[in-house]
Amino acid sequence: MMKETKQPPCLRLEKAIDRMVRGLAAPLQLADLADVTHYSPWHLAHRFQSEYGDSPQAFLWQLRLEVAASLLQWSPHLPIGQVADLVGFSSPATFSRAFSRSFGFTPSDLRAGRAVAIGWMANNLGEMSYRPGPSIVGSKIDRVWSWDEVESCITLANWPAERMAYQREVGDYGVHLEALLANFQDQCRLAGLIAERWYGLVWSDPATTPAGRRRYDAAVTIPKAFKLPRHLGEYQRPAGRWAVFSHLGERADIGPRWRDLMLVWLPFSGWMLDPQRPRVECYYDGRYDLCLPLLPGRSIQDRLPEILPELLKLVTTVVK
């Protein structure tokens, strides 16, 4: 039996989703999304429903809730009302009702690490996310790093704005995405584009986003004058600050290292994720960097007493 070939997502429709990510807190209208896709509002709504099984408005509503769940998870110091504001809800009460209807538990349940919320996140993570590749399963590499080990590998960097070409996959996260990057590199070489650094743009949090809605781009920076082939997407990555976790190791251990960065380092770091920029994997010279887009947060000294019990409970649960 011939294996079915997975079709790439429609880049024009994906532009509408990219616009949603950039405008989570904005009162986006269907016309705003239609404008970036160059469809009429009616045609966009029809195509979107056919492709994703949801209207653009329903997709945006769920996206806001998933990002909110991610912020509640990884920024334990952030007040729930501020989380609601960051993803475009008019009040904490409206946000809490929408959150409860969608997930079956409250934002406070998630923040407190209650069993119903932890079980929901574990179900979202599934079989591949944060898991090691077959070559290191059960080895000394497949373990949880300490705070000191992660912190010693991190530098803070200010990146300039850059133009990027990308190829997108919608689905689960895991080591199988190496095939996407290899295919993308082949296409770039055919287009005359040679690079020393290649990127993976991680648009979704696997702890709060089901596998069918996760978006990942194989990407590369391109010159301003480079004429992009029609089958590749274009992303204007904005300037900003990043936490860069540099690691010389096998690509097969990238899942555990993401786990260490998100579970061990981020909640203690004094920073919060910027929900409008992707997390980034950078591949070069036989090594990789894991990069988090940052917004300022409170200092670790100020926040430690309030988040330590919850974080220790969360780390213990996830490791088990």
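Here the structure is shown first, and the text comes after it.
**Student:** Please provide a residue-by-residue account of the packing of helix α2 (residues 30-37) against helix α3 (residues 41-52), values included.
**Tutor:** Relative placement of two packed helices is described by the angle separating their axes and the distance separating the axes. Orientation of α2 relative to α3, taken along the N-to-C sense of each, is 85°, at an axis distance of 9 Å. With respect to α3, the element α2 is oriented roughly perpendicular. In contact with Leu30, Ala31, Leu33, Ala34 and Thr37 of α2, α3 contributes Pro41, Leu44 and Ala45. Per-class residue counts for the contact of α2 with α3 are 7 nonpolar, 1 polar and no charged.

**Student:** Could you give me a rundown of the state of the cysteines, with the residues and numbers involved?
**Tutor:** In total, this model carries 0 disulfides according to the counting rule given. Summary of cysteine pairing: Cys10 is not part of a disulfide, and the nearest cysteine sulfur, belonging to Cys188, is at 20 Å. Of the cysteine sulfurs around Cys291, a residue in no disulfide, the closest is that of Cys282, at 6.0 Å. Residue Cys291 is classed as buried on the basis of its relative accessible area, which comes to 1%.

**Student:** Account for the nonpolar core, with residues named and values stated.
**Tutor:** Within the largest apolar cluster, 52 residues are counted, with the highest numbers of intra-cluster contacts made by Leu44, Phe48, Phe95, Phe99, Leu110 and Leu201. If you tally residues by element for this core, the top one is helix α4 (residues 56-74), at 9 residues. Contacts of Phe99, omitting those with residues within four sequence positions, involve Leu65, Ala69, Leu72, Gly104, Phe105, Thr106, Pro107 and Leu110. Grouped together as the second largest cluster of nonpolar side chains are 41 residues, Phe226, Phe245, Leu263 and Tyr283 included.

**Student:** Explain helix α1 (residues 11-22) to me, and be specific about the residues and the numbers.
**Tutor:** Over its 12 residues, α1 extends 16 Å from the first C-alpha to the last, a length consistent with the 16 Å expected when each residue adds 1.5 Å. Every buried residue of α1 is accounted for by Leu13, Glu14, Ala16, Ile17, Asp18, Met20 and Val21. Residues of α1 that are buried sit in contact with α2, α3, α4, β2 (162-170) and β4 (215-221).

**Student:** Tell me about the environment of Ile154, and name the residues and values.
**Tutor:** Residue position: Ile154 is located in strand β1 (residues 154-159). Distance from Ile154 to Leu290, taken between C-alpha atoms, is 9.3 Å for residues 136 residues apart in sequence. Contact partners of Ile154, with chain neighbours within four places excluded, come to Ala243, Val244, Phe245, Leu261 and Trp265.

**Student:** Describe in detail the packing of aromatic side chains, supporting the description with residues and values.
**Tutor:** According to the stated counting rule, one finds 17 aromatic pairs in the structure shown. Ring-pair connections join several aromatic residues into one group, and the members of that group are Trp61, Phe89, Phe95, Phe99, Phe103, Phe105 and Trp120. The ring of Phe59 carries the charged tip of Arg213 above its face, separated from the ring centre by 4.1 Å. Sitting over the ring of Tyr283, Arg251 keeps its end group 4.2 Å from the ring centre.

**Student:** Kindly report on the pattern of salt bridges, identifying the contributing residues and their values.
**Tutor:** What the rule picks out here adds up to 16 salt bridges. Two residues, Glu66 and Arg213, come together in a salt bridge whose shortest N-O distance is 2.8 Å. Pair noted here: Glu66 is in helix α4 and Arg213 is in the loop between β3 (198-202) and β4, with a separation of 147 residues, a long-range link. The salt bridge partner of Asp260 is Arg259, with a shortest N-O separation of 3.6 Å.

Definitions and cut-offs
- All chains use their own residue numbering, which begins from 1 and follows the written sequence.
- This being a predicted model, a pLDDT of at least 70 is required before a residue's local features are given, and a value of 80 or more before pairs of side-chain atoms are given or counted; all residues contribute to the totals for chains, interfaces and linings.
- Heavy atoms throughout the structure, all of them, feed into the side-chain values; hydrogens and water do not.
- Whenever a helix is involved, its axis is fitted only over the stretch in contact; in every case the axis is a line through C-alpha atoms, and angles between N-to-C directions fall within 0 to 180 degrees.
- Each helix is a run of DSSP H or I of at least 4 residues and each strand a run of E of at least 2, with the numbering of both proceeding from the N terminus.
- Orientation labels follow simple angle bins: below 35 degrees gives roughly parallel, above 145 gives roughly antiparallel, 65 to 115 gives roughly perpendicular, and whatever is left gives oblique.
- Contacts: residue pairs with any heavy atoms within 4.5 Å of one another.
- Under this grouping Gly is polar, as are all residues other than the nonpolar Ala, Val, Leu, Ile, Met, Phe, Trp, Tyr, Cys and Pro and the charged Asp, Glu, Lys and Arg.
- Two cysteine sulfur atoms form a disulfide, by the criterion used here, when they sit within 2.5 Å.
- Each residue gets one of three labels from its accessible area relative to the maximum for its type: buried under 20%, exposed over 50%, partly exposed in between, using a 1.4 Å probe on protein chains only.
- Each nonpolar core is a collection of buried residues, namely Ala, Val, Leu, Ile, Met, Phe, Trp, Tyr and Cys, held together in the definition by side-chain atoms within 4.5 Å.
- Helix span is expected to be 1.5 Å times the residue number reduced by one.
- Pairing of aromatic rings covers Phe, Tyr and the six-membered ring of Trp, with a centre-to-centre limit of 6.5 Å; geometry is then stacked below 30 degrees between planes, edge-to-face above 60, and tilted otherwise.
- In this scheme, Lys NZ or Arg CZ marks a charge over a ring once it lies within 6 Å of the ring centre and within 35 degrees of the ring normal.
- Every case where a carboxyl oxygen of Asp or Glu lies within 4 Å of a side-chain nitrogen of Lys or Arg is listed as a salt bridge.

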